[in-house]
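Here is what each chain is made of, one letter per residue.
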Amino acid sequence: MSNKLIELKNLTKNFDDQQVLRGINLDIHENEFLTLLGPSGCGKTTTLRIIAGFEEPSGGEVLFNGIEISKLPPYKREINTVFQKYALFPHLNVMDNIGFGLNLKKVDKSVIEQKVKRMLKMVGLEGFEKRDVTLLSGGQQQRVAIARALVNEPKVLLLDEPLGALDAKIRKQMQIELKKIQREVGITFIYVTHDQEEALSMSDTVVVMNNGEIQQIGSPTDIYNEPENRFVAGFIGTPPMNFLDALIRHDANGFYLELADAYIRLPEHDQYFTADSLAQYVDKEVLLGIRPDNISISDKGLPARVDVAEALGGETYLYLECCDAKIIVKLQGTVTKQPDEMVNLFF
């Protein structure tokens, strides 16, 4: 792992009598693409604004290269921000928008032109120097905003839901572009989103937040495959994970899960649990979590009744009733099922 660049230590933030951050501890490393992910109101944007210097924490520390910067104004931090609303200057063309910060610093015009052209090439807007920014598409305006932030050569780029205003196709293209740009410039990106697809597809590290607290930190693969609690398990994944109440039982043939009107035999050897770990839960209630794409339709299995079949072209979602619970199954291809039709589930 590369060197720590930013350290958040026991960070808290109150707005009047409402606590929106509750002891945030987080290390952010050089050249890392880190995403703060969570639902609206979880504290992710407040965390970003504190790093940027737009908000002061109520408690705790913000360290940059080991130096406390909580009281340092934004313009003195080696950090730039890209917002969801691009905040471009409508009276300036593309070149002047991107070079605005350099002009304020009285950088030589030839140097500004050279740097702006390099940024335009990086974001795929070569030849757009004299364009009116108001005539650009949303995706092009966002690229200008990113170039303007990067041309000042910050050590950290903060991105606050920058793709939220774009349509689905352009948003996907920009996800690919952002990851490519981050690799090319080799600086730290801290990205805020409520969109798990953005987080999982672009990030080196995902920080899942809820109610002002960090729920889990890990790689996209770890967050998806090994959630640490029910919130993370239910928040990550589309469609969301299914949850079933169950009891762990044991008989002469080994361990099994007892559901409302069925049972599932557990394997004797599994990478996630052992006989010793299961033994402590015998006759106790547990929560079974199953991702929709880990369930299939078979000749034998748990009986379920179809509520709705949703065909989406390359895949089909089945909304079912099974074991006194609502279950979603994600199947590849087009699968035709009728309401009230009975199927068997295997997982």
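Residues numbered from 1 in each chain as written. Predicted model: local features only at pLDDT ≥ 70, side-chain atom pairs only at ≥ 80, totals over all residues. Heavy atoms only, no water.

Compared with an ideal rise of 1.5 Å per residue, which puts 14 residues at 20 Å, helix H4 (residues 109-122) spans 20 Å between its outermost C-alpha atoms and is within 8% of the ideal. The complete set of buried residues in H4 reads Ile112, Val116, Met119, Leu120 and Met122. In a view along the axis of H4, the buried residues occupy a sector of 155 degrees, so they form one face of it. Exposed residues lying more than 90 degrees from the buried face of H4 are Gln114 and Lys121. Buried residues in H4 make contact with helix H2 (94-98), helix H3 (100-104), helix H5 (138-150) and helix H6 (168-185). In the segment just after H4, Gly124 is the residue with positive phi, at about 75 degrees. (Helix = DSSP H or I, 4+ residues; strand = E, 2+ residues; numbered from the N terminus. Expected span 1.5 Å × (residues − 1). Buried < 20%, exposed > 50% of the residue type's maximum accessible area, 1.4 Å probe, protein only. Arc of directions from axis to C-beta. Contact = heavy atoms within 4.5 Å.)

Where strand E1 (residues 4-15) lies against strand E4 (residues 59-64), five bridges are found, and the strand directions are antiparallel. Across the sheet, the residue bridging to Leu8 is Val62, located in E4. As judged from the two bridges shared by E4 and strand E5 (residues 67-68), these two strands associate in the antiparallel manner. Counted as the bridge partner of Phe64 is Ile67 from E5. As consecutive antiparallel partners, E4 and E5 are separated by two residues, and within that stretch Asn65 has a phi angle of approximately 55 degrees, a positive value. (Pairing = 2+ DSSP bridges.)

For the rest of this paragraph, the subject is the packing of aromatic side chains. What characterises a pair of aromatic rings is the spacing of the ring centres plus the angle enclosed by the ring planes. Per the stated rule, a full pass over the model turns up six aromatic pairs. An angle of 45 degrees between the planes, with centres 5.5 Å apart, marks the rings of Phe33 and Phe189 as tilted. Here Phe189 lies in strand E8 (residues 188-193) and Phe33 lies in strand E3 (residues 33-37), a separation of 156 residues in the sequence. Both residues of the pair, Phe33 and Phe189, belong to the buried class. Ring centres of Phe231 and Phe235 lie 5.4 Å apart, and the angle between their planes is 15 degrees; this geometry places the pair in the stacked category. (Phe/Tyr/Trp six-rings, centres within 6.5 Å; stacked < 30°, edge-to-face > 60°.)

For the rest of this paragraph, the subject is the packing of H5 against H6. Relative to each other, H5 and H6 sit at 20 degrees, their axes nearing to 11 Å. Overall, the two elements H5 and H6 adopt an arrangement that is roughly parallel. For H5 against H6, the interelement crossing comes out right-handed. Two secondary-structure elements touch here, H5 through Gly139, Gln142, Arg143, Ile146 and Leu150 and H6 through Ile170, Met174, Glu177, Leu178, Ile181 and Val185. Counted by class, the contact of H5 with H6 contains seven nonpolar, two polar and two charged residues. (Axes fitted to C-alpha atoms, helices over the stretch in contact; angles between N-to-C directions. Parallel < 35°, antiparallel > 145°, perpendicular 65-115°, else oblique. Left-handed = near helix turned anticlockwise from the far one by under 90°. Nonpolar A, V, L, I, M, F, W, Y, C, P; charged D, E, K, R; others polar.)

Evaluated as defined, the whole model comprises one cavity of 30 Å³ or more. Every residue along the wall of the largest cavity is listed here: Leu48, Arg49, Ala52, Phe54, Thr81, Phe83 and Asp160. At three residues, the largest contribution of residues to the lining of the largest cavity is made by helix H1 (residues 44-52). In terms of residue class, the lining of the largest cavity is built from four nonpolar, one polar and two charged. (1 Å grid on protein atoms, 1.4 Å probe; cavity = no way out; pocket = protein on both sides within 12 Å on 5 of 7 lines; lining within 4 Å. Points joined across faces, edges and corners; volume = space filled by probe spheres on them.)

Any functional reading would require information that these geometric values do not contain.
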